[in-house]
Amino acid sequence: MIQRVLLLLLLLLSGLAAPAMAQNTEAYKFSEVIKQESQSGKPGANQYAAWDYSYIGEYLPGLASYTGSLRRSKTLTPADSLAFTALTPTDARRYILCRARTEQIIIINEAHHDSRHRVFTASLLPELAKLGFRYLAAEALDEQDTLLQKRGFPVMQTGFYTKEPQFCNLLRVAQQARYQLVPYDYGFSREGEWEERIKARETAQARNIQRILQADPKAKIVVHCGFSHVNEGPNGMGEQPAMAAYLRQLTGIDPFTIDQTALSESGTPTGDLARYRLARAAGSAVFLDASRQPYAGADRNMSVDVNVFHPRTTFAAGRPAWLFTDGRRPVPITPPITVGYPCLVLAYVASEDIAQAVPADVVELQGPQDRRALALRKGRYTIVAKGRAGQTQTWTLAK
């Protein structure tokens, strides 16, 4: 219960009190700065550090920072362990796309510090578009960026979490697949007790998504949300319903709800949930029982239709191997670095305005022997290396 209350408070921090957006390269901090800030003792310091690590591609430090303040291992009874290990894994992407043929609303969540969840959602979007899904409603979008659809690419003002390169790439994939991007996390009061603020936010989110259906009753919608907003239960957020439950009430449509958070790695040896440690699958998977029904009980506080399991990360070219999917390939950083070490290396799509665009990838190099590669699709890029004192080095790359 204590961990659940802490999570709700952090959700309030992320949704109701997000810090002002920094601009361009200033939005990305060096890992040693992030580490110092995480040790400040300020409320939510570990959570903010987890986000900041994700923005510069430091995947495992981001997981560990988040886990350090919240998540702890849980034990299972022998009967529960036996029941879980009897389940059969099946390819998660294939299962979801098959199920999507008969769905009108799909809600899939993420942990805001875990870019792998965004990569997985992005992998679904082109095939979902072929099934008639035309709207992507994303919690992270700022309703004030009214030019996003016309401009064709995200910028720093597009949202808070969208400055993370894989979230930005998710939006690029959506636009290339001709989705209409819809912000929905706005229009609620930030006053009152925290229970009142949670209710105001969840109901406003649901009403904003409902407006899509009011304008287009046959619309097929993908909703990408954070954490417990996907919860369909009566106590989805504390002691009251979450967005998914309110949306079902308002529209009469039972959404297909997908949780990615409970069966994902934590980043620390003792942080994984017990079922995660028992799970066995080569790739992202859904677990089915003997009746071919999907498993959805990884988090007893979460009422969803299915849990997606993501296996422990392996690495290639110094990066998580799951980055090198959907056309992304490792691109070595070959020019001699002249700005000193450590340095941040940011790759911008050459056709986008570098003064406001979000980079397609960011890595931090610790020294001349650090061989971490960029993860990029085929195209032309402007590469910016930034040193600790703010000095920059720029070159072009055609991949």
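Provided above is the structure to which this section pertains.
From a predicted model like this one, the values you see are computed outputs, not experimental measurements.

> What is the right way to look at the sheet that holds strand β8 (residues 306-307) in this model?
Taken together, the 6 strands give an open sheet; going across it, the order is β4-β3-β5-β2-β6-β8, and neighbouring strands pair in parallel fashion. Each having just a single partner strand, β4 (180-183) and β8 make up the two edges of the open sheet. Across 6 bridges, strand β2 (residues 105-110) lies against strand β5 (residues 221-226) in parallel orientation. By the bridge assignment for β5, Asn 109 is matched with Cys 225. Against the sheet, helix α10 (residues 194-215) contacts β2, β3 (135-138), β4 and β5, and its axis sits at roughly 175 degrees relative to β5. Where helix α11 (residues 243-251) meets the sheet, it contacts β2, β5 and β6 (256-259), and its direction lies at approximately 170 degrees from that of β2.

> What is the right way to look at the sheet that holds strand β16 (residues 392-398) in this model?
Note: strands within a sheet are paired through backbone hydrogen bonds, in either parallel or antiparallel orientation. Taken in spatial order, the 4 strands make up an open sheet running β13-β12-β15-β16, and their pairing is antiparallel. Strands with a single pairing partner mark the edges of an open sheet, and in this sheet they are β13 (361-365) and β16. On average, each strand axis in the sheet is inclined to that of its neighbour by 20 degrees, with strand direction left out of account. Examined bridge by bridge, strand β12 (residues 343-349) and strand β15 (residues 380-387) share 7 bridges and lie antiparallel to one another. Paired with Tyr 348 across the bridge in β15 is Thr 382.

> I would appreciate a short explanation of the pattern of salt bridges in the present structure.
A side chain of one charge can pair with a side chain of the opposite charge when the charged atoms of the two come close. Counted according to the given criterion, the structure contains 17 salt bridges. A salt bridge links Glu 58 to Arg 372; its shortest N-O distance comes to 2.7 Å. Of this pair, Glu 58 sits in the loop between α3 (45-55) and α4 (59-69) while Arg 372 sits in the loop between β13 and β14 (374-376), and the two are 314 residues apart along the sequence. The exposure classification of Glu 58 matches that of Arg 372, with both residues buried. A salt bridge links Arg 116 to Glu 265; the shortest N-O distance between them is 3.7 Å. With a gap of 149 residues between them, Arg 116 in helix α7 (residues 115-130) and Glu 265 in the loop between β6 and α12 (274-278) connect regions that are remote in the sequence. There is no split in this pair, since Arg 116 and Glu 265 are both buried.

> Could you clarify how one ought to interpret the side chain of Thr 67 in this entry?
Looking at where Thr 67 falls in the secondary structure, it is placed in helix α4. There is a polar contact of 2.8 Å between the side chain of Thr 67 and the backbone oxygen of Leu 63.

> Before we go on, may I ask you to explain the packing of aromatic side chains in this structure?
Centre-to-centre distance and the angle between the planes together describe a pair of aromatic rings. Applying the stated rule across the entire model yields 10 aromatic pairs. Ring centres of Tyr 276 and Phe 309 lie 5.2 Å apart, and the angle between their planes is 40 degrees; on these two criteria the pair is classed as tilted. One end of the pair, Tyr 276, is in helix α12; the other, Phe 309, is in the loop between β8 and β9 (315-316), with 33 residues separating them in the sequence. Between the NZ or CZ atom of Arg 151 and the centre of the ring of Phe 153, over which it lies, the distance is 5.6 Å. Positioned above the aromatic ring of Phe 30 is the side chain of Arg 388, whose terminal nitrogen or guanidinium carbon lies 5.2 Å from the ring centre.

> Looking at this structure, how should I read α7?
For an α-helix, 3.6 residues make a turn, and residues three or four places apart therefore share a direction. At Leu 124, α7 is deflected by roughly 25 degrees, the largest bend along its length, and proline Pro 126 occurs up to four residues later in sequence. Regarding α7, its N-cap is Asp 114, as a side-chain oxygen of that residue lies 3.0 Å from the backbone nitrogen of Arg 116 further along. Phi turns positive one or two residues past the end of α7, at Gly 132, with a value near 105 degrees.

> Just checking my understanding: could you explain the environment of Ile 337 for this structure?
Inspection of the secondary structure assignment puts Ile 337 in the loop between β11 (329-331) and β12. For the pair formed by Ile 337 and Leu 365, sequence separation is 28 residues and the distance between their alpha carbons is 9.7 Å. Excluding anything up to four places from it in sequence, Ile 337 contacts Cys 343, Ala 385, Gln 393 and Trp 395.

> In this structure, what is going on with the packing of α7 against helix α9 (residues 165-176)? I would like to understand it.
Two numbers describe a pair of packed helices, the interaxial angle and the distance between the axes. At a closest axis distance of 9 Å, the pairing of α7 and α9 adopts a crossing angle of 5 degrees. The orientation of α7 relative to α9 falls into the category roughly parallel. Residues Ser 115, Arg 118, Val 119, Thr 121, Ala 122, Leu 125 and Pro 126 of α7 form the contact with α9, whose participating residues are Gln 166, Phe 167, Leu 170, Val 173 and Ala 174. Looking at the contact of α7 with α9, its residues break down into 8 nonpolar, 3 polar and 1 charged.

Analysis parameters
- Residues numbered from 1 in each chain as written.
- Predicted model: local features only at pLDDT ≥ 70, side-chain atom pairs only at ≥ 80, totals over all residues.
- Heavy atoms only, no water.
- Pairing = 2+ DSSP bridges.
- Helix = DSSP H or I, 4+ residues; strand = E, 2+ residues; numbered from the N terminus.
- Contact = heavy atoms within 4.5 Å.
- Axes fitted to C-alpha atoms, helices over the stretch in contact; angles between N-to-C directions.
- Salt bridge = Lys/Arg side-chain N within 4 Å of Asp/Glu carboxyl O.
- Buried < 20%, exposed > 50% of the residue type's maximum accessible area, 1.4 Å probe, protein only.
- Polar contact = N/O pair within 3.5 Å; in protein donor to acceptor, adjacent residues only side chain to side chain.
- Phe/Tyr/Trp six-rings, centres within 6.5 Å; stacked < 30°, edge-to-face > 60°.
- Lys NZ or Arg CZ within 6 Å of the ring centre and 35° of its normal.
- Bend = angle between axes of the 7 residues up to and from the residue.
- Parallel < 35°, antiparallel > 145°, perpendicular 65-115°, else oblique.
- Nonpolar A, V, L, I, M, F, W, Y, C, P; charged D, E, K, R; others polar.

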